[in-house]
Amino acid sequence: MPRSDRGGEYSDPTYSKTTRIVHEVTAPYTPQQSGVVERKNRVLTEMVNAMLSNSGLAHGFWGEALLTAYYVLNRILNKRSKSTPYEF
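Throughout what follows, the structure given in this document is the object of discussion. (Residues numbered from 1 in each chain as written. Predicted model: local features only at pLDDT ≥ 70, side-chain atom pairs only at ≥ 80, totals over all residues. Heavy atoms only, no water.)

1. Some words on the overall build of the chain
Helix and strand counts for the chain come out as 3 helices and 2 strands. Secondary structure of the chain in N-to-C order comes out as β-α-β-α-α. Here the chain, with 88 residues, has 17% of them falling under the buried criterion. For the chain, contacts bridging at least 24 residues in sequence account for 21% of all contacts bridging at least 6. (Helix = DSSP H or I, 4+ residues; strand = E, 2+ residues; numbered from the N terminus. Buried < 20%, exposed > 50% of the residue type's maximum accessible area, 1.4 Å probe, protein only. Contact = heavy atoms within 4.5 Å.)

2. Topic: the packing of helix α2 (residues 35–55) against helix α3 (residues 62–73)
Where α2 meets α3, the closest approach of the two axes is 9 Å, and the angle between their N-to-C directions is 120°. Overall, the two elements α2 and α3 adopt an arrangement that is oblique. The element α2 and its partner α3 pack so that their crossing is right-handed. Residue-level inspection shows K40, V43, L44, M47, V48, N49, M51 and L52 of α2 in contact with α3, the latter providing W62, A65, L66, T68, A69, Y70, V72 and L73. (Axes fitted to C-alpha atoms, helices over the stretch in contact; angles between N-to-C directions. Parallel < 35°, antiparallel > 145°, perpendicular 65-115°, else oblique. Left-handed = near helix turned anticlockwise from the far one by under 90°.)

3. Examining the packing of aromatic side chains
Inspection of every chain in the model, using the stated rule, returns 0 aromatic pairs. Over the aromatic face of Y71 sits the side chain of R75, whose NZ or CZ is 3.7 Å from the ring centroid. (Phe/Tyr/Trp six-rings, centres within 6.5 Å; stacked < 30°, edge-to-face > 60°. Lys NZ or Arg CZ within 6 Å of the ring centre and 35° of its normal.)

4. Focus: a nonpolar patch on the surface
The grouping of Y71, V72 and I76 at the surface amounts to a nonpolar patch, some 280 Å² of accessible area in total. Turning to its location among the elements, I76 is positioned in the segment after α3. I76 gets classed as partly exposed once you look at its relative accessible area, which sits at 43%. (Patch = residues over 30% accessible without salt bridge, like charges linked within 9 Å, V, L, I, M, F, W, Y side chains within 5 Å. Areas by Shrake-Rupley, 256 points an atom, 1.4 Å probe, with all protein chains shown as cover. Salt bridge = Lys/Arg side-chain N within 4 Å of Asp/Glu carboxyl O.)

5. Quick notes on the nonpolar core
In terms of nonpolar packing, the biggest core is built from 6 residues, these being L44, V48, L52, A65, A69 and L73. Not counting residues within four places of it along the chain, the set of residues in contact with V48 comprises W62, A65, L66 and A69. (Core = buried A, V, L, I, M, F, W, Y, C linked by side-chain atoms within 4.5 Å.)

6. Some details on α2
Here α2 is 21 residues long and its end C-alpha atoms lie 30 Å apart, about the 30 Å a rise of 1.5 Å per residue gives. Turning to α2, its buried residues are L44, V48 and L52. In an axial view of α2, the angular spread of the buried residues amounts to 60°, which keeps them on one side of the axis. In α2, those exposed residues whose orientation departs by more than 90 degrees from the buried face are V36, R39, R42, S53 and N54. At its buried positions, α2 is contacted by α3. Backbone geometry just downstream of α2 places G56 in the positive-phi region, at approximately 80°. (Expected span 1.5 Å × (residues − 1). Arc of directions from axis to C-beta.)

Spelled out as structure tokens, the structure:
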């Protein structure tokens, strides 16, 4: 069940109706209430910043670094199921 802070990134009512997903909203400016999504975004951002800083590449490679970080996260074992998201 998606939960967001009315930031607009998940505000497609057509998609929610066609997939029967119930979208929950939280109080504005409280990212701690939508923990899973905010945590994933923070992890990705920190990975991208670390990769760019360590490699010495320009900030213009941010998109490619983000795709690489997401690729790596999908291939790391998951604690709960002992398999990778890629395997699902």
